[in-house]
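Residues per chain, in single letters:
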Amino acid sequence: PGRAKRLLLSQLFQPLNLQAGGEAEGYGRAGEPTCRSHKLMVQGGLLHPSAPGCYYYMPPTVRAMEKLIKVMDEEMQAVGGQKVNMPSLSSAELWRASGRWEQMGPELFRLVDRHGKGYCLGPTHEEAVAELVAAQSNLSYKQLPLRLYQVTRKFRDEPKPRFGLLRSREFYMKDMYTFDASEEAAWQTYDLVCGAYRSLFTRLGLPFVKVRAATGSIGGTVSHEFQLPADVGEDKLALCPAGHFAANMETLNGEQTSCPTCGEKLTQTRGIEVGHTFYLGTKYSSVSNAVFYSPDNKPQLAEMGCYGLGVTRILAASIEVLSTEDSIRWPSLIAPYQLCFIPPKRGSKEEKEGAALLEQAYDDLTEALPHLTGDSVLDNRTQMTIGKRLKDANKLGYPYVVIAGKRVCEDPPVFEVWNQNAGEVLFLTKEGVIELLSKVQVP
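A brief report on the enclosed structure follows. Just so we're clear, the structure is a prediction, and the values are computed from it rather than from any experiment. (Residues numbered from 1 in each chain as written. Predicted model: local features only at pLDDT ≥ 70, side-chain atom pairs only at ≥ 80, totals over all residues. Heavy atoms only, no water.)

### With respect to the sheet that holds strand S17 (residues 339-342)
What the five strands build is an open sheet, ordered S18-S17-S19-S20-S21; its pairing is mixed. Each edge of the sheet is formed by a strand with only one pairing partner; in this case those strands are strand S18 (376-378) and strand S21 (424-428). Sheet twist, expressed as the mean angle between neighbouring strand axes with direction ignored, is 20°. Where strand S19 (residues 400-403) meets strand S20 (residues 415-419), four bridges bridge the pair, whose relative direction is antiparallel. The residue of S20 that forms the bridge with Val-402 is Val-417. Sitting on the sheet, helix H9 (residues 351-368) is in contact with S17, S18, S19 and S20, with an inclination near 165° to S18. Strands S17, S19, S20 and S21 of the sheet are contacted by helix H11 (residues 430-437), whose axis makes an angle of about 135° with S21. (Pairing = 2+ DSSP bridges. Helix = DSSP H or I, 4+ residues; strand = E, 2+ residues; numbered from the N terminus. Axes fitted to C-alpha atoms, helices over the stretch in contact; angles between N-to-C directions. Contact = heavy atoms within 4.5 Å.)

### Comments concerning the packing of helix H1 (residues 36-43) against helix H8 (residues 311-322)
Here H1 crosses H8 at 105°, and the two axes come no closer than 8 Å. In terms of their interaxial angle, H1 and H8 are classed as roughly perpendicular. From H1, Arg-36, Ser-37, Leu-40 and Met-41 reach across to H8, where they touch Ala-316, Ile-319 and Glu-320. Classifying every residue of the contact of H1 with H8 by side-chain character gives four nonpolar, one polar and two charged. (Parallel < 35°, antiparallel > 145°, perpendicular 65-115°, else oblique. Nonpolar A, V, L, I, M, F, W, Y, C, P; charged D, E, K, R; others polar.)

### So, the pairing of strand S13 (residues 267-281)
Sheet topology places strand S10 (residues 222-229) next to S13; eight bridges connect them, and they run antiparallel. Within S13, the position partnered with Phe-226 by the bridge is Gly-275. Note that strand S11 (residues 235-239) and S13 share five bridges and pair antiparallel. Within S13, the residue paired with Asp-235 across the bridge is Gly-271. Strand direction decides the pairing type here: S13 and strand S16 (residues 303-310), joined by six bridges, are antiparallel. Counted as the bridge partner of His-276 is Gly-308 from S16.

### Focus: the layout of surface pockets
The computed volume of the largest pocket comes to approximately 890 Å³. The wall of the largest pocket is formed by 43 residues, among which Arg-156, Arg-167, Glu-273, His-276 and Arg-313 lie closest to the centre. Looking at the lining of the largest pocket, the elements that each hand over two or more residues are strand S8 (170-180), S13, S16 and H8. At seven residues, S13 tops the list of elements feeding residues into the lining of the largest pocket. Classifying every residue of the lining of the largest pocket gives 18 nonpolar, twelve polar and 13 charged. (1 Å grid on protein atoms, 1.4 Å probe; cavity = no way out; pocket = protein on both sides within 12 Å on 5 of 7 lines; lining within 4 Å. Points joined across faces, edges and corners; volume = space filled by probe spheres on them.)

### Some points on the sheet that holds strand S6 (residues 118-121)
The strand order across the open sheet built from three strands is S4-S6-S5, with neighbouring strands paired in antiparallel fashion. In this open sheet, the two strands that pair with only one neighbour each are strand S4 (89-91) and strand S5 (109-112). Averaged over all neighbouring strand pairs, the angle between strand axes comes to 35°, with direction disregarded. The pairing of S5 with S6 spans four bridges and is classified as antiparallel. Its bridge partner being in S6, Phe-109 is matched across the sheet by Leu-121.

### As for the packing of aromatic side chains
According to the stated counting rule, one finds nine aromatic pairs in the structure shown. Summarising the aromatic geometry, the rings of Tyr-190 and Tyr-307 are spaced 5.8 Å apart at their centres and angled 55° between planes, so their arrangement reads as tilted. Pair noted here: Tyr-190 is in helix H6 (residues 183-204) and Tyr-307 is in strand S16, with a separation of 117 residues, a long-range link. We classify Tyr-307 as buried; its relative accessible area is 1%. Three or more aromatic residues link up through ring pairs in this structure, and these residues are Trp-187, Tyr-190, Tyr-279 and Tyr-307. The ring of Trp-101 has Arg-110 sitting right over it, with the charged end atom 4.5 Å from the ring centre. (Phe/Tyr/Trp six-rings, centres within 6.5 Å; stacked < 30°, edge-to-face > 60°. Buried < 20%, exposed > 50% of the residue type's maximum accessible area, 1.4 Å probe, protein only. Lys NZ or Arg CZ within 6 Å of the ring centre and 35° of its normal.)

### Things to note about the side chain of Ser-323
Following the sequence through the fold, Ser-323 ends up in the loop between H8 and S17. Side-chain polar atoms of Ser-323 contact the backbone oxygen of Ile-319, separated by 2.7 Å. A polar side-chain atom of Ser-323 sits 2.9 Å from the main-chain amide nitrogen of Arg-329. Contacts of Ser-323, omitting those with residues within four sequence positions, involve Arg-36, Leu-40, Ser-318, Ile-328 and Arg-329. (Polar contact = N/O pair within 3.5 Å; in protein donor to acceptor, adjacent residues only side chain to side chain.)

Have a look at this one:
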C-alpha cells in the first residue's frame, strides 16, 4: 500500500555517543574490563548496560541479530535441522539425574518456585532435549537422524562478566541436538554440522579456525571449537603454520610444541570462541532413556551430538575483529542497515535541489530493489555539515553511504558513494547507484 516510509535517522532509537572518549559512561563501570567491540557498541547506541553482564539490545542490534539468525536458519535447515523452542526453566530433578546440578556449581542460576520445587535457568539444553525425545515412546529408526535446534536466550552466572557481549550473563545461542541410530551415523552428522558452521563463517567473511577442544561440563568424547583469532580472546590456541593441526592449549600437554603431522613448530595465538561442537554418544540419552526401535524392533539408545553457536557473541566478535579503533565494521551480510543517505546541509546552495534529488533516489532505489526496503536510513540532521554526518556514518559502519554533494546539481545529477568495506569512493548517477546496490545481499 503506497510508498515505503523513509526511515529518518533522527527518529531511530539509537542514542549516539560517538564523541565519547575511552571512559564514556556505561562501560568500564564497576571495574568491568572493556574492549573494542564493547566500546564501539556502547558509543554507537547499539547496547545499553543494565546490570553486570546484562544489556538492552537497541533496535539496530536486534536487526543485525535477526539477520544473523536468518543465515543460521538457512545453514541449519540445509543439514536437515528442525527448529524447536524449549523452556528456559529446567527442573532441578532433570539436572540432578545427569549429575550436572552439582557439577555446574555456582554457574547455574537456581530458583525455587512457590511449591518448593527447584529449577535452573538453562545455560544449555542437553537434559531437556533428551527428555523430550525420550517422551516419544515409539520412535522408529526410520525417523532418525533427528536434528533439533533452537535460538534462545541462555543464562550463566558469570563470576566476572566482561567485554560486553563476549562474556555476559544473558546471551543468545543457537543450539542444535542430534539423535542418530549408530555411532557411524552420528559421526556423519558431526561432519555435516561442522561443514555448515564453516559455510556460515565463510559467508560472514570471518577469519575462523576450527580447533580441537576439551569437552568440559557438557561432556562426551570429542569436541571442537570454532575460534576467531583476536587479541582480546580468552582462549589460547596452538596452530600449525601449514594448517595441519589446531588445538585449544588446554587440550595439550606441556611438552607438545610441534605439529604431529609435519613437525613444524606450533605458533600461539588467542581466540574468541564463537561455536562449539560435541560428540556426546549416549551420555544424556541413557539418563532419560531416549530410545528408538531398531529394524528388528529392539529399543536402542540414540547416539547424540550437540552444536552451539553464540549468536550475540558472533555479533560482538565480528565487530571486534573487523572494526578499526573508532569505526564499526560489520560483516556486510548482517549490517543493521546497508545504506545511509546524506542530504545537503541546511542553507547550502545545493540544499533545495539536492535534497529533492536525494529523496527521489531513496524512493527509486526502494522501488527498484525491494529487498533493500527498510535497509536504508536518511540522515536528516541537516543542521550538521555533510563531513560531520559522513564521519558518523563511517563510525557506525553502514556498508554504503550515498551523499548529495557538490555534483548533485550537475546534469545528470551525480552522487558521491562511499563503499566502506572496499574503502572506495565512487561518483555515480542514480542509475549507477541502483546498479551498484543491486549486488548487495541481505538474508
